[in-house]
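One-letter residues, chain by chain:
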Amino acid sequence: MGMTAEEAWVEGARVVVVGCGGVGGCMAARLADAGRNVVAVTGNPDITRSIGEHGLHAGLPSGDRMVRLDVVTRAAALPAVKFDVALLAVPPNRIEGAAADVLPHLADDGVLVPLANGLPEERLAELFGHHRVVGGIVGFGASMHGPGRVEQTSEGTLIIGRLHGGIDQATRRVAALLAAADPGGGVEVTANLRGARWAKLAVNAAISS
């Protein structure tokens, strides 16, 4: 039996991960380990050099991984191809800049997937359009122990959805793609991303200083 259209899209999708700290590094490692076509933008020449020379080392719940992947310091140095998905694994105060830098490298139907806390989808949608933004809520913990060395410190679900509600083709495709980067808690698609965001903010406010 041949692949479905969604499976074929996942197989051929090009992914750029912007930010190679704890969350971004773990996502990039999982995607590369699963055979996905992924490039990382580190924002830091020391991280770029370490991954380029020694690979990306990730401590994951399923075991330690060392993967090789293409890596650049700035989005301007990305290869001359168009990417289908940009995972924005940067702090909330850098999310707009990261999106602006990577947007010229996206395909016409490519999407930005912010993985930051807060309500980044609203800000990105205002700047780049709702059609360009598929939200991602990270339910697992992760840390960076040094350039090119990351660890997932807890399991948790990745929640994928659109800010305006509904579950469209782009949402389903992103969820299927990230299922290859399952952090142990699976990938969940929601038609109420706004509610899921506020629920996480409430939890963070309760447990964080």
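Our structure is the block above this text.
Cut-offs applied
Residues numbered from 1 in each chain as written. Predicted model: local features only at pLDDT ≥ 70, side-chain atom pairs only at ≥ 80, totals over all residues. Heavy atoms only, no water. Core = buried A, V, L, I, M, F, W, Y, C linked by side-chain atoms within 4.5 Å. Buried < 20%, exposed > 50% of the residue type's maximum accessible area, 1.4 Å probe, protein only. Salt bridge = Lys/Arg side-chain N within 4 Å of Asp/Glu carboxyl O. Helix = DSSP H or I, 4+ residues; strand = E, 2+ residues; numbered from the N terminus. Pairing = 2+ DSSP bridges. Axes fitted to C-alpha atoms, helices over the stretch in contact; angles between N-to-C directions.

Asker: Is there a simple way to think about the nonpolar core in this case?
Answerer: Across soluble globular proteins, nonpolar side chains have a tendency to be buried as a group. Judged by nonpolar contacts, the single largest core of 40 residues is most densely connected at Leu-69, Val-85 and Leu-87. Listed in part, the 21 residues of the second largest apolar core include Ala-75, Ala-99, Val-102 and Ala-116.

Asker: How do you make sense of the pattern of salt bridges when you look at a structure like this?
Answerer: Any two side chains of opposite charge can pair, given that their charged atoms come close. The tally for this structure, following the rule as stated, stands at 7 salt bridges. We note a salt bridge from Glu-96 to Arg-123, for which the minimum N-O separation is 2.7 Å. Highlighted residues: Glu-96 in helix 4 (residues 95-102) and Arg-123 in helix 5 (residues 120-128), separated in sequence by 27 residues. The exposure class assigned to Arg-123 is partly exposed, which follows from its relative accessible area of 28%. A salt bridge links Arg-162 to Asp-168; its shortest N-O distance comes to 2.9 Å. Judged by relative accessible area, which is 28%, Asp-168 ranks as partly exposed.

Asker: How should I be thinking about the sheet that holds strand 12 (residues 187-189) in this particular structure?
Answerer: Consider a sheet: its strands pair through backbone hydrogen bonds, and that pairing is either parallel or antiparallel. Ordered in space as 8-11-12, the 3 strands form an open sheet in which the pairing is mixed. Either end of the sheet is taken by a strand with one partner, and the two such strands are strand 8 (135-138) and strand 12. Averaged over neighbouring strand pairs, the angle between their axes works out to 20 degrees when direction is ignored. In this sheet, strand 11 (residues 158-161) lies alongside strand 8 in antiparallel orientation, the contact comprising 4 bridges.

Asker: Hey, could you run me through the sheet that holds strand 6 (residues 83-88) in this one?
Answerer: Judged by pairing direction, the sheet is parallel, and its 5 strands sit side by side in the order 5-2-1-6-7 without closing on themselves. Whereas interior strands pair on both sides, the edge strands pair on one side only; in this sheet they are strand 5 (70-72) and strand 7 (106-114). Within this sheet the neighbouring strands show an average axis-to-axis angle of 20 degrees, counted without direction. Examined bridge by bridge, strand 2 (residues 37-41) and strand 5 share 3 bridges and lie parallel to one another. Within strand 5, the residue paired with Ala-40 across the bridge is Val-71.

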